[in-house]
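Breakdown of the fold
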Amino acid sequence: MAEPGGRIERRQLIMAVLWPLGFVAFSVLLLWLLLVYLAAALPWLVAAVLLLCLAAVLASLARRRWMRRRLLRRSARLAADAPAAVARDLAQSRRYGELRETIAALPDHDRAAVRAALLEAGMASRLAVRALGEPRRWRRVDALDLLGFVADPATLYAVIEATRSDDAHVAHAAVEALAGYDDPRAFAALLDGLGRVPLPPSRVADIARRSRASGRIAALRAHADSDDPLARFWTAFLLGVVGSDAAVPPLIRLSGDDDANVRANAVEALGGWSGADAVAAIAARLDDPIWFVRAHAVRALGRARPRGGAERIAPLLRDPQWWVRSNAAGALEEYGRAALPILERMLEDPDRFARNKAAEVLVRLDWLDQRRADAAAHAFERARQR
Amino acid sequence: MTVQGVIAAIYVVLLAHFLTVQLIYFLLLLTSLAGAARRWRESRETDLDRLAESSLTMPVSVIVPAWNEEAGVVHTVQSVLRSRHPQFEVLVVDDGSTDATVRRLVDAFDLTSDEAFYPEPLETEPVEQVLRSRVDARLRVLRKRNGGKADAVNAGVNIARYRWLALTDADCVFHPEALLRVCRAIGRDPEHVVAAGGQLRLLNGMRVRDGEIVEMRQPRSLVARFQVVEYLGAFIGNRIGWSVLNGVPVLSGGFSAWRRDVVLELDGFTEETTHEDIEMTLRIHEAMRRRREPYRIVSLPDPIVWTEGPERWRDLYMQRKRWQRVVFECVWRFRRMLFNPRYGVVGTMTMPHLLLYEALGPFLELAAWGLTIWLAIAGLLDWSLLGLFLLLLVALNAATRILSLATDAWHYGAYPPRALITLPLLALLEYPIYRPTILAARVVAFLEFLTGRRTWERVQRSERATA
């Protein structure tokens, strides 16, 4: 393949001639058509185009004002403690896009009241029909979004079905909607969606992170044994997010995984616990042959802050990888003044990177200022005693 | 064919060129309208509140190169630090300022020396000091020897911790959701998007307090008001259209986001052109298309950053000379892509557009006006036809601008209602009043390009904008 700025290719030359010629011919033809053939009508045409453009501006302005007024009206009715009336109003609406915007703009307590009223009005089944049967993409998306808001368990099948759509927008809306359901099946469907739906797995995991469905740990335990490293990777992340002690055993298992990315995510997640089992699993990864696993492990140990952890972290200040050294410095900073004796000792370390990093942390911990203050206090005391 | 016939033919071709330019812009606008509507719908799929509290939202290093920017740098940093984003850092790179840029930063953010060692994958002028803020740990300031804007950006790239870099200027004010909006767009296709930009709006006239826009107002000066119209047309009516075609010619230096590994792979930003943003955009296009790697450079319809524009005709003239010079430089530098189908949309559309309409356009325009005057003096002009033609030209230009304004008002409503009345009027006057200055700057820029003259005249900063 040629380098940039190299010789001009033959087809490039041909294009260079044909391209401007084609456009000039087209433009001349257009000019002739407009100035000769349509000359009499042209001023009217121009005026009509400009008027249409101005009308578009005014329509935009009117739309914004109308939407704001409508929202204010509904908010006023909600303030008057009439969510059922508002919900009835909303339930009668077929304009689901507008409905979404209205609901999104409501405060949390009003949203809950409107949700209950929408459920009572039987909105969920109408939405499910539209989510499955509507041929137009954005209408399906709107319906799925509202299904996630209403979260009627009877409509879960429709949302799970929609996650199988080839259309990324529909699948995305369905995955988002699943996070709204307080149902173990919804969470399991989210996990199944990792790597299957036409969305980045990070997006699906982020949506699953928000789910408050019951039985999440059980579903995640099952996924921790998956053959797919991607599934195990995101399972480790989600186990860390759930925050239950029941997540620790599977995380410890994943911290010894064959895949380095899974190990890194598992130790990072374990940083949220300071129990002996979790700390031992993190410490075991400080010697991992893969540098980014060490980097995550040392950071996790800094977050867990177990007793004696600083002693384990200090040797990583001389790690060959910059990121590991940097994370080790950050982890020691987490320990605060408790790490000062170790850091002072590291100032004498034969490794210059370790000395530098220790000095950086000491500066951040205001060690120099403290030393100066101590020296001044000592001198003052001595002077007073004399 | 007589001489008169030849001149008439040339004249028709020149007029046709005018029409083609406007037509292309109008077609780009239509593409933009579709792109903006689609992006707006897509943006509703991901709630920014959720992104703001998610640990999976991609972290960003914001790089702010500054050279003698004492007037606005504190406001800029304040506005960036005010961003809603779960994990970002701000790296101000002082490129050897001779004014009080650093002192103002030290006073405002309580900076202290940070004796850290950093890897330096890109070669730059030596970094003399790294400072970090005691007030906000996310802020670091690099002091380095003067080496130009690209060199300062490269120093920031070296020290940046995160995979995504956001570049902005030290006279810009961030929208609080700027970073989130860009991350949302990148997150839709994280494997392929390598760079992203957003809408730049004019800061002139706005009331800014502690880095936050507290009142949206129109600029007072006519020059700045024309620029409001022009920016709307350029960003909404033009860039989004190019983004839909994946042929964005430039991501503005006012705000752009780049993947760090791609920037490093291409040896960073270069000082060899007047502006580094258009050069890097085209370099990424060239590298990716040459290697046949799937990629996307996206331009968002969301308002992202407000920047200060020139308030005086002379400053505008100077600025546009610079902008035009870099077009010549880049067309010459990337001539291998011109009309080359191997480079897809960029080779067959973006680059020819840059050459024929952006680089050579002003000369054709000048020739057309010259011939018009000559024909008028010779008494050979059909005034009614010329009148119709000019009417068509002004109307097409105004329609492009007004529809851009309508698009903005429909989706975002960034301007107050009064502006929606005055800006369309200015769009009608843009062609006869504003364009001659731009035309003069663009023609002079070509002469400077030929003579190899490269200067960076500073634009006088408005105190009112940051009052």
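1. Topic: the side chain of Thr307 of chain B
Position of Thr307 of chain B among the secondary structure elements: in strand E12 (residues 296-307). Among residues more than four places away in sequence, those in contact with Thr307 of chain B are Asp171, Cys172, Leu200, Arg201, Leu202, Leu203, Asn204 and Tyr231 of chain B.

2. Re the packing of aromatic side chains
Describing an aromatic ring pair means giving the distance of the ring centres and the angle of the ring planes. Applying the stated criterion to the full structure yields 16 aromatic pairs over all chains. Relative to Phe339 of chain B, the ring of Trp19 of chain A has its centre 5.9 Å away and its plane inclined at 65 degrees; by these criteria the two rings are edge-to-face. Highlighted residues: Trp19 of chain A in helix H1 (residues 10-37) and Phe339 of chain B in the loop between helix H10 (313-333) and helix H11 (344-359), drawn from two different chains. A centroid spacing of 5.9 Å and a plane angle of 85 degrees characterise the contact between Trp291 of chain A and Phe292 of chain A, whose relative ring orientation is edge-to-face. In this structure Trp291 of chain A comes out as partly exposed when scored by relative accessible area, which is 32%. Of the residues examined, Phe292 of chain A reaches a relative accessible area of 25% and is grouped as partly exposed.

3. With respect to empty space enclosed by the protein
All names here are of chain B. Applying the stated rule across the entire model yields seven cavities of 30 Å³ or more. The computed volume of the second largest cavity comes to approximately 70 Å³. Lining the second largest cavity, in full, are Arg39, Glu42, Ser43, Arg181, Arg184, Ala185, Arg188, Leu300 and Asp302. Secondary-structure elements contributing two or more residues to the lining of the second largest cavity are helix H1 (3-45), helix H6 (178-188) and E12.

4. Observations concerning a nonpolar patch on the surface
All names here are of chain A. On the surface, a nonpolar cluster with roughly 720 Å² of combined accessible area is contributed by Leu29, Trp32, Leu33, Val36, Tyr37, Leu38 and Leu45. Looking at the nonpolar patch, the element that brings in the most residues is H1, giving five residues. Following the sequence through the fold, Leu38 ends up in the loop between H1 and helix H2 (42-79). Given the relative accessible area of 31%, Leu38 is considered partly exposed.

5. Overview of the packing of helix H13 (residues 229-242) of chain A against helix H15 (residues 260-270) of chain A
Residues and elements named next belong to chain A. Put simply, H13 and H15 touch, their axes get as near as 8 Å, and they point 5 degrees apart. For the element pair H13 / H15, the angle class is roughly parallel. Residue-level inspection shows Pro229, Arg232, Phe233, Ala236, Phe237 and Gly240 of H13 in contact with H15, the latter providing Asn261, Val262, Asn265, Ala266 and Ala269. Class assignment for the residues of the contact of H13 with H15 results in seven nonpolar, three polar and one charged.

6. Considerations on the pattern of salt bridges
Considering all chains together, one arrives at 46 salt bridges over all chains under this definition. Residue Arg164 of chain A pairs with Glu161 of chain A through a salt bridge whose shortest N-O separation is 3.3 Å. Exposure remark for Glu161 of chain A: the relative accessible area of 42% places this residue in the partly exposed category. Bridged by salt links that share partners, the residues Asp49, Arg84, Glu177 and Arg181 of chain B form one connected network.

7. Quick notes on the pairing of strand E5 (residues 139-144) of chain B
As a general feature of sheets, a regular strand has side chains that alternate between the two faces. Residues and elements named next belong to chain B. The buried count for E5 comes to five of six residues, which makes it a mostly enclosed element. Pairing of strand E4 (residues 127-133) with E5, which is carried by five bridges, proceeds in the antiparallel orientation. From the neighbouring strand, Gln129 faces E5, where its bridge partner is Arg143. Between E4 and E5, which pair antiparallel in sequence order, lie five residues.

8. As for the pairing of strand E6 (residues 164-168) of chain B
Residues and elements named next belong to chain B. Across the five residues that make up E6, a large majority, five, are buried. Of the two faces of E6, both are covered, the one formed by Trp164, Ala166 and Thr168 as well as the one formed by Leu165 and Leu167. Pairing geometry for strand E1 (residues 60-66) and E6, over four bridges, is parallel. Each residue of the ladder has a partner; that of Val60, found in E6, is Trp164. Note: E6 against strand E11 (residues 255-259), five bridges, orientation antiparallel. Across the sheet, the residue bridging to Ala166 is Ala257, located in E11.

Rules used throughout
Residues numbered from 1 in each chain as written. Chains lettered and ligands numbered in written order. Predicted model: local features only at pLDDT ≥ 70, side-chain atom pairs only at ≥ 80, totals over all residues. Heavy atoms only, no water. Helix = DSSP H or I, 4+ residues; strand = E, 2+ residues; numbered from the N terminus. Contact = heavy atoms within 4.5 Å. Phe/Tyr/Trp six-rings, centres within 6.5 Å; stacked < 30°, edge-to-face > 60°. Buried < 20%, exposed > 50% of the residue type's maximum accessible area, 1.4 Å probe, protein only. 1 Å grid on protein atoms, 1.4 Å probe; cavity = no way out; pocket = protein on both sides within 12 Å on 5 of 7 lines; lining within 4 Å. Points joined across faces, edges and corners; volume = space filled by probe spheres on them. Patch = residues over 30% accessible without salt bridge, like charges linked within 9 Å, V, L, I, M, F, W, Y side chains within 5 Å. Areas by Shrake-Rupley, 256 points an atom, 1.4 Å probe, with all protein chains shown as cover. Salt bridge = Lys/Arg side-chain N within 4 Å of Asp/Glu carboxyl O. Axes fitted to C-alpha atoms, helices over the stretch in contact; angles between N-to-C directions. Parallel < 35°, antiparallel > 145°, perpendicular 65-115°, else oblique. Nonpolar A, V, L, I, M, F, W, Y, C, P; charged D, E, K, R; others polar. Pairing = 2+ DSSP bridges.

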